[in-house]
Amino acid sequence: MRALQLIDDRKLEQVDIAPPPEPGIGEVTLRIKAVALNHIDVWGWRGMAFAKRKLPLTIGAEASGEVDAIGPGVSGLVPGQLVSIYGARTCGLCKACRDGRDNLCEHVGGVHGFHLDGFAQEKINLPARLLVPAPPGVDAIGAAVAPVTFGTVEHMLFDNAKLQPGETILIHAGGSGIGSAAIQLAKKMGCTVITTVGSDEKIEPAKALGADHVINYRTDRFEGVVRKITKKKGVDVVFEHVGKDTWAGSMFSLKRGGRLVTCGSTSGVSTEINLMMLFQQQLKLLGSFGCRMENMANAMQKMAAGLVRPVIDTEVDFQSIDAALKRMEGRDVFGKIILHVG
Ligand SMILES: [Zn+2]
């Protein structure tokens, strides 16, 4: 069967590998339906010294699959069923996992597509406990963007930042996969949404998703515009994932007691923090990574109810993967790039 593997930095190859064996106890064989690309794929492709991994590595950190075969001891899944796949290999036994907080697992075995073989392959065996069934009304693409895209955003906004109806939120990079999800989720709960984009062409699509104010960060200093929009008060919450380039402005955009939640650092991982601003303004800085499986289920329920939808930039096959990753690296996308395996 076919798989897409990283052979070396910036070098991907389609290879033939052996299909998985019969599923073991507690396992399911999945036929992969759709893979969604993320910045973690761009990092992996560029080659990042901090990642412990062995090459070749099958890529793909976020995907949906259809149940193909069921191993002994698995209940609640049937052949043909569409599922969303949790992206990290968590233990299921530690207190965090038993409490449903897999992203705090004490014995996590790694992230698929980054430390471990990922989902860009025709079939894979996985523990059934890491699969979240897609409800009726959610298709393969919706289920594919539930773990890393919508799940991450649900966890950031609701578990960590505890976003409330009526609050004002600044969402960085509204054209990114997580930005486009955050705009919809915040707007649908009755928040005022300010977002940034990197080109004028992205302004109307961001408004169409529900953004009340859209700032082109290349032509305007976003923190100045945010102060103006909020009449110098600042926002309740900043949704960060850009990092170095935006950090100081993000802190400056918060109101007293405001919350900054971050899940990424696409422009650089180190920055300075104005500590006086942090304590005098009583700001809360919240780190967020991954999600709980319940976040994935909640996101898919909202998709099924028509409240939110995956925003798709393009759908590509294995042959077009290099061009797709280059476009993501250059931030030349609006929404998600979907990789089809079949
Ligand atoms: Zn665990």
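What counts and how
- Residues numbered from 1 in each chain as written.
- Predicted model: local features only at pLDDT ≥ 70, side-chain atom pairs only at ≥ 80, totals over all residues.
- Heavy atoms only, no water.
- Domains from an automatic or database assignment.
- Contact = heavy atoms within 4.5 Å.
- Buried area = accessible area lost by both parts, 1.4 Å probe.
- Salt bridge = Lys/Arg side-chain N within 4 Å of Asp/Glu carboxyl O.
- Polar contact = N/O pair within 3.5 Å; in protein donor to acceptor, adjacent residues only side chain to side chain.
- Nonpolar A, V, L, I, M, F, W, Y, C, P; charged D, E, K, R; others polar.
- Pairing = 2+ DSSP bridges.
- Helix = DSSP H or I, 4+ residues; strand = E, 2+ residues; numbered from the N terminus.
- Axes fitted to C-alpha atoms, helices over the stretch in contact; angles between N-to-C directions.
- Buried < 20%, exposed > 50% of the residue type's maximum accessible area, 1.4 Å probe, protein only.
- Right-handed = clockwise from strand over helix to strand, strands pointing away.
- Donors = N, O, S within 2.8 Å, 3.2 Å for Na, K, Ca; no water.
- Tetrahedral: all angles 85-135°; square planar, octahedral: opposite > 155°, others 65-115°.
- Core = buried A, V, L, I, M, F, W, Y, C linked by side-chain atoms within 4.5 Å.
- Patch = residues over 30% accessible without salt bridge, like charges linked within 9 Å, V, L, I, M, F, W, Y side chains within 5 Å.
- Areas by Shrake-Rupley, 256 points an atom, 1.4 Å probe, with all protein chains shown as cover.

**Student:** Would you mind showing me how to read the domain arrangement of the chain here?
**Tutor:** Frequently, the measure chosen for interface size is the accessible area removed from exposure when the parts meet. When its domains are assigned, the chain resolves into domain 1 (2-145 + 310-340) and domain 2 (150-287). Taking only C-alpha atoms into account, the centre of domain 1 sits 28 Å from that of domain 2. At the interface, ten residues of domain 1 touch 16 residues of domain 2. Broken down residue by residue, the surface that domain 1 buries against domain 2 is led by Val311, Arg331 and Phe334, which jointly contribute 50%. Taken together, the connections running from domain 1 to domain 2 amount to zero salt bridges. If you look at where domain 1 meets domain 2, you find six residue pairs in polar contact (both at pLDDT 80 or more). For the side of domain 1 that touches domain 2, the class distribution of residues is five nonpolar, three polar and two charged.

**Student:** Hey, could you run me through the sheet that holds strand β10 (residues 192-197) in this one?
**Tutor:** Across a sheet, paired strands are connected by hydrogen bonds in the backbone, their directions being either parallel or antiparallel. The sheet built from six strands is open, its strands ordered β11-β10-β9-β12-β13-β14 with parallel pairing. Each end of this open sheet is capped by a strand with a single partner; those strands are β11 (213-216) and β14 (284-287). If you compare each strand with its neighbour and ignore which way they point, the axes differ by 15° on average. Pairing of strand β9 (residues 168-171) with strand β12 (residues 235-240), which is carried by three bridges, proceeds in the parallel orientation. Within the sheet, the bridge partner assigned to Leu170 lies in β12 and is Val238.

**Student:** Can you help me understand the pairing of β9 in this one?
**Tutor:** It is a general feature of regular strands that their side chains alternate between the two faces of the sheet. Here β9 shows a buried face lined by Thr168 and Leu170 and a second buried face lined by Ile169 and Ile171. With four bridges connecting them, β9 and β10 associate as parallel partners. In the strand pairing of β10, Thr168 is matched with Thr192. Crossover β9 to β10 through helix α5 (residues 177-188) is right-handed.

**Student:** Would you mind showing me how to read the side chain of Ser265 here?
**Tutor:** With respect to the helices and strands, the residue Ser265 is situated in the loop between β13 (254-262) and α9 (275-280). For Ser265, a relative accessible area of 17% puts it in the buried group. Ignoring anything within four residues of it in the chain, the contact list for Ser265 reads His241, Val242 and Gly243.

**Student:** What exactly am I supposed to notice about the pattern of salt bridges here?
**Tutor:** Side-chain pairing between opposite charges can occur once the charged atoms of the two side chains come close. Taken as a whole and assessed by the stated rule, the structure comprises 19 salt bridges. A salt bridge links Arg101 to Asp99; the nearest nitrogen and oxygen atoms lie 3.6 Å apart. By relative accessible area, Arg101 is classed as partly exposed at 34%. Classification of Asp99 as partly exposed rests on a relative accessible area of 40%. For Glu154, the salt bridge goes to Lys302, with nearest N and O atoms at 2.7 Å. Here Lys302 lies in helix α10 (residues 293-304) and Glu154 lies in helix α4 (residues 146-160), a separation of 148 residues in the sequence. Beyond isolated ion pairs, a larger network of salt bridges with shared partners links Arg10, Arg46 and Glu329.

**Student:** Would you explain the coordination of the zinc ion in this entry?
**Tutor:** Note on metal geometry: ideal angles are 109.5 degrees for four donors arranged tetrahedrally and 90 or 180 degrees for six donors arranged octahedrally. The coordination sphere of the zinc ion, as far as protein atoms go, consists of Cys91 (SG), Cys94 (SG), Cys97 (SG) and Cys105 (SG), spread over 2.3 to 2.4 Å. For the zinc ion, the four donor atoms in the first shell make angles of 102 to 118° at the metal, so the coordination geometry reads as tetrahedral. Each donor residue of the zinc ion belongs to the same chain, and together they define the spacing C-x2-C-x2-C-x7-C. Like Cys94, the residue Cys97 is buried in the burial classification.

**Student:** Sorry, what's going on with the nonpolar core here?
**Tutor:** The tendency in soluble globular proteins is for nonpolar side chains to be buried side by side. Counting 55 residues, the largest nonpolar core has Phe150, Val153, Ile169, Ile171 and Phe239 as the members making the most contacts within it. At six residues, α5 tops the list of elements feeding residues into this core. Residues from two domains meet in this core; each of domain 1 (2-145 + 310-340) and domain 2 (150-287) gives at least three. Those residues in contact with Phe150 that sit more than four places away from it in its chain are Val145, Ala181, Gln184, Leu185, Ala299, Met303, Val308, Arg309 and Pro310. By size, the runner-up hydrophobic cluster in this structure holds 33 residues, among which are Leu12, Ile59, Ile85 and Val333.

**Student:** Help me understand the sheet that holds strand β4 (residues 57-58), please; the structure alone is not making it clear to me.
**Tutor:** Spatially, three strands are ordered β2-β1-β4 in an open sheet, and the strand pairing comes out antiparallel. With partners counted over all chains shown, the strands left at the sheet margins are β2 (11-16) and β4, one partner each. Alignment of strand β1 (residues 2-8) against β2, held across six bridges, turns out to be antiparallel. Across the sheet, Arg2 pairs through a bridge with Asp16, a residue of β2.

**Student:** Whenever I open this one, a nonpolar patch on the surface confuses me. Can you help?
**Tutor:** On the surface, a nonpolar cluster with roughly 490 Å² of combined accessible area is contributed by Ile273, Leu275, Met276, Phe279 and Leu285. The element best represented in the nonpolar patch is α9, accounting for three residues.

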